[in-house]
Amino acid sequence: MPGMRDIKRKINSVKNTQKITKAMKMVSAAKMRKAQDAMNAAKPYARKLTELVNSIGSRVSKEMHPFLQPKEEVKSIGVIVVSSDRGLCGAFNNNIIKTFSNFVKQHSDKQIKVITVGRKIDDYVRKRKYNILDSYITFGGRVRYDDAVAIGEKVNEYFISDEIDELYLIYNEFKSIVYQTPKVIKLLPVSLEEGTEMDAVDYLFEPNPASLIKEILPKFLNFNIFSVLLESTAGEHGARMAAMDNATRNAGEFIRKLTLTYNKARQAAITKEILDIVNGAEALK
């Protein structure tokens, strides 16, 4: 059995770790609430923008904009993969990496070109020598719309110049505070949905639908990227909060076990001292 001094040192060390994990949990909870508010605020606009694109897109020819035109032959696929910059967030990044790896296997006959958002996924793809178009690792959990616009403008160039024939997004969808699930969505070419609310009414468009679609589709791409970044950020803070909560509780359980071991060792030492005193007293008789 280890000595009492060693056990006491371990108890103090775990207590210090517990204080750190508890503080990190509180910080993540505060950041998550802000990120969740931003994510929820963006959802109504994203929903209406999608309805608008579907409504106008159904009134124009697909030749009006490259985003509406499927390529005759898909040779290269662009993938925007979103992870976190830091760890200590449970399986958040591992799930993204697994989903990306499975995506690459499913499209092994195509050339995969990656746009990384987050240090963790960037480190992963660089070690495995993937074709990286761009890397973004400086958001630090504070996502601005300008960041999404910068990514969207690059993607626009790649798609228009035939650098990529399709574009996908891989990210963690925010289901709840403690549950995020990896999701793969196709961004380009845009797949129009039928039967939206706006299709039920015949609107007068000014300017004409063809001019509107050219203005709206780039914004549609940018805001989709922005929404995903917000959702991933909220999921990251939620995952880190849950991970730190588990770590705090595990530390408490470990402290309890160490304290029990310490008390047993202390009791054994006291019993030994009593026996030594009794034996000494008997020897003096």
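Summarised in this report is the structure supplied together with it. (Residues numbered from 1 in each chain as written. Predicted model: local features only at pLDDT ≥ 70, side-chain atom pairs only at ≥ 80, totals over all residues. Heavy atoms only, no water.)

Focus: the overall build of the protein
Here is step 1 of the chain: On a plain count of helices and strands, the protein comes out with 5 helices and 5 strands.
Here is step 2 of the chain: Taken against the 2.2 N^0.38 rule, which gives 19 Å for 285 residues, the C-alpha radius of gyration of the protein at 28 Å runs more than 25% over that of a compact globule.
Here is step 3 of the chain: The buried share of the protein, reckoned over its 285 residues, is 43%.
Here is step 4 of the chain: A separation threshold of at least 6 residues defines the contact pool for the protein, and within that pool the share at least 24 residues apart is 78%.
Here is step 5 of the chain: For the protein, the accessible surface area stands at approximately 16300 Å², while carbon and sulfur atoms represent 52% of it. (Helix = DSSP H or I, 4+ residues; strand = E, 2+ residues; numbered from the N terminus. Rg over C-alpha atoms; globule rule 2.2 N^0.38 Å. Buried < 20%, exposed > 50% of the residue type's maximum accessible area, 1.4 Å probe, protein only. Contact = heavy atoms within 4.5 Å. Areas by Shrake-Rupley, 256 points an atom, 1.4 Å probe, with all protein chains shown as cover.)

Description of the side chain of D122
Here is step 1 of the chain: Note on placement: D122 falls in helix α3 (residues 119-127).
Here is step 2 of the chain: A polar contact is formed between the side chain of D122 and the side chain of R126, at a distance of 2.8 Å.
Here is step 3 of the chain: Non-local contacts of D122, meaning those with residues more than four positions away in its chain, are made with T116, I132, S135 and I137. (Polar contact = N/O pair within 3.5 Å; in protein donor to acceptor, adjacent residues only side chain to side chain.)

Describing the pattern of salt bridges
Here is step 1 of the chain: By the definition in use, this model includes 15 salt bridges.
Here is step 2 of the chain: For E173, the salt bridge identified is with K175, shortest N-O distance 3.6 Å.
Here is step 3 of the chain: Assessed through its relative accessible area of 47%, K175 is described here as partly exposed.
Here is step 4 of the chain: Residue R256 pairs with E253 through a salt bridge whose shortest N-O separation is 2.8 Å. One end of the pair is R256 and the other is E253, both in helix α5 (residues 209-284) and 3 residues apart, which spans about a single turn.
Here is step 5 of the chain: Look at R256 and you get partly exposed, because its relative accessible area is 48%. (Salt bridge = Lys/Arg side-chain N within 4 Å of Asp/Glu carboxyl O.)

Comments concerning α3
Here is step 1 of the chain: When α3 is considered as a whole, its buried residues turn out to be I121, D122, Y124 and V125. Down the axis, α3 shows its buried residues gathered within 160° of arc, on one side only.
Here is step 2 of the chain: If you follow the buried residues of α3, they end up packed against β1 (76-82), α2 (92-106), β2 (111-117) and β3 (131-136).
Here is step 3 of the chain: Backbone geometry just after α3 places K129 at a positive phi near 60°. (Arc of directions from axis to C-beta.)

Here we look at the side chain of K113
Here is step 1 of the chain: Mapped onto the elements, K113 comes out in strand β2.
Here is step 2 of the chain: Separated by 2.9 Å, the side chain of K113 and the backbone oxygen of E163 make a polar contact.
Here is step 3 of the chain: Once you skip the residues sitting within four places of it in the chain, K113 turns out to touch S76, I77, G78, V79, N131, L133, E163 and I164.

As for the packing of aromatic side chains
Here is step 1 of the chain: Taken as a whole, this structure holds 8 aromatic pairs when the rule is applied.
Here is step 2 of the chain: On the basis of an interplanar angle of 70° and a centroid distance of 5.2 Å, the ring pair of F100 and Y130 is categorised as edge-to-face. Of the two residues, F100 is situated in helix α2 and Y130 in the loop between α3 and β3; the sequence distance between them amounts to 30 residues.
Here is step 3 of the chain: What makes Y130 partly exposed here is its relative accessible area of 24%.
Here is step 4 of the chain: One aromatic cluster is present, formed by Y45, Y145, F223 and F226 through successive ring pairs.
Here is step 5 of the chain: Sitting above the plane of the Y262 ring, K8 keeps its charged end 5.2 Å from the centroid.
Here is step 6 of the chain: It is K71 that lies over the ring of F159; its NZ or CZ is 4.2 Å from the centre. (Phe/Tyr/Trp six-rings, centres within 6.5 Å; stacked < 30°, edge-to-face > 60°. Lys NZ or Arg CZ within 6 Å of the ring centre and 35° of its normal.)

Brief notes about the layout of surface pockets
Here is step 1 of the chain: Space inside the largest pocket adds up to approximately 720 Å³.
Here is step 2 of the chain: Around the largest pocket sit 26 residues that line it, and A46, T50, I185, F220 and N224 are the ones nearest its centre.
Here is step 3 of the chain: If you list the elements that add at least two residues to the lining of the largest pocket, you get α1 (4-57), β4 (166-176), β5 (179-188) and α5.
Here is step 4 of the chain: Looking at the lining of the largest pocket residue by residue, the classes come out as 12 nonpolar, 6 polar and 8 charged. (1 Å grid on protein atoms, 1.4 Å probe; cavity = no way out; pocket = protein on both sides within 12 Å on 5 of 7 lines; lining within 4 Å. Points joined across faces, edges and corners; volume = space filled by probe spheres on them. Nonpolar A, V, L, I, M, F, W, Y, C, P; charged D, E, K, R; others polar.)

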